[in-house]
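The chain contents come next:
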Amino acid sequence: MPRPTAAQFAYGSCTVIVSTLAMLLLSRTSSGPGVAVVAVAALALGLLVALTVPQPRTRPVSALRPAAAEEPVRAASRIHAGAGESARGRAA
């Protein structure tokens with residue numbers, strides 16, 4: 001499983017805090033089991049929100065390199081480029 005991002009932590013934490021306060025205020029519960037039910041529901045909701053935050057997309061490695069970099073450059077063509085070679089050989 002990939003590591004959670006900062007956005008997932010932030011959205012999940014804010015959801016747990018806000019939903020806990022809202023459910024406690026709306027239900028007006030003060031008993032231990034009622035508070036425990038509200039806390040478990042808020043944690044489940046926070047986990048759901050954190051898991052549905054989209055992951056950042058990674059680009060494929062081929063997209064990071066320019067097209068010219070895909071062609072291998074032979075070291076011998078750069079070292080031995082002399083006066084007898086063509087203009088293309090000297091440019092490399």
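Look above for the structure.
The following refers to the structure shown. Given the structure is predicted, the values throughout are model-derived calculations rather than measurements. (Residues numbered from 1 in each chain as written. Predicted model: local features only at pLDDT ≥ 70, side-chain atom pairs only at ≥ 80, totals over all residues. Heavy atoms only, no water.)

1. Re the environment of Leu-51
Inference 1: Mapping Leu-51 onto the fold places it in helix α2 (residues 32–52).
Inference 2: Take Leu-51: its relative accessible area is 58%, and that puts it in the exposed class.
Inference 3: Residues Leu-51 and Pro-4, spaced 47 residues apart in sequence, show a C-alpha to C-alpha distance of 8.6 Å. (Helix = DSSP H or I, 4+ residues; strand = E, 2+ residues; numbered from the N terminus. Buried < 20%, exposed > 50% of the residue type's maximum accessible area, 1.4 Å probe, protein only.)

2. Section: the side chain of Ser-19
Inference 1: Relative to the assigned elements, Ser-19 resides in helix α1 (residues 6–27).
Inference 2: At a separation of 2.5 Å, a polar atom in the side chain of Ser-19 contacts the main-chain carbonyl oxygen of Thr-15.
Inference 3: With sequence-adjacent residues up to four places away left out, Ser-19 is seen in contact with Ala-42 and Leu-45. (Polar contact = N/O pair within 3.5 Å; in protein donor to acceptor, adjacent residues only side chain to side chain. Contact = heavy atoms within 4.5 Å.)

3. Describing α1
Inference 1: Across its 22 residues, α1 extends 31 Å between first and last C-alpha, which sits within 8% of the 32 Å expected from 1.5 Å per residue.
Inference 2: Gln-8, Gly-12, Thr-15, Ser-19 and Thr-20 are the residues of α1 that are buried. Buried residues of α1, seen end-on, are gathered within an arc of 120° and therefore sit on one face of the element. In α1, the exposed positions that point more than 90 degrees away from the buried face belong to Ala-6, Phe-9, Cys-14, Ile-17, Val-18, Leu-21 and Leu-25.
Inference 3: Residues of α1 that are buried sit in contact with α2.
Inference 4: Looking one or two residues beyond α1, the residue adopting positive phi is Arg-28, at roughly 55°. (Expected span 1.5 Å × (residues − 1). Arc of directions from axis to C-beta.)

Interpretation note: all reported values are geometric properties and have no functional meaning in isolation.
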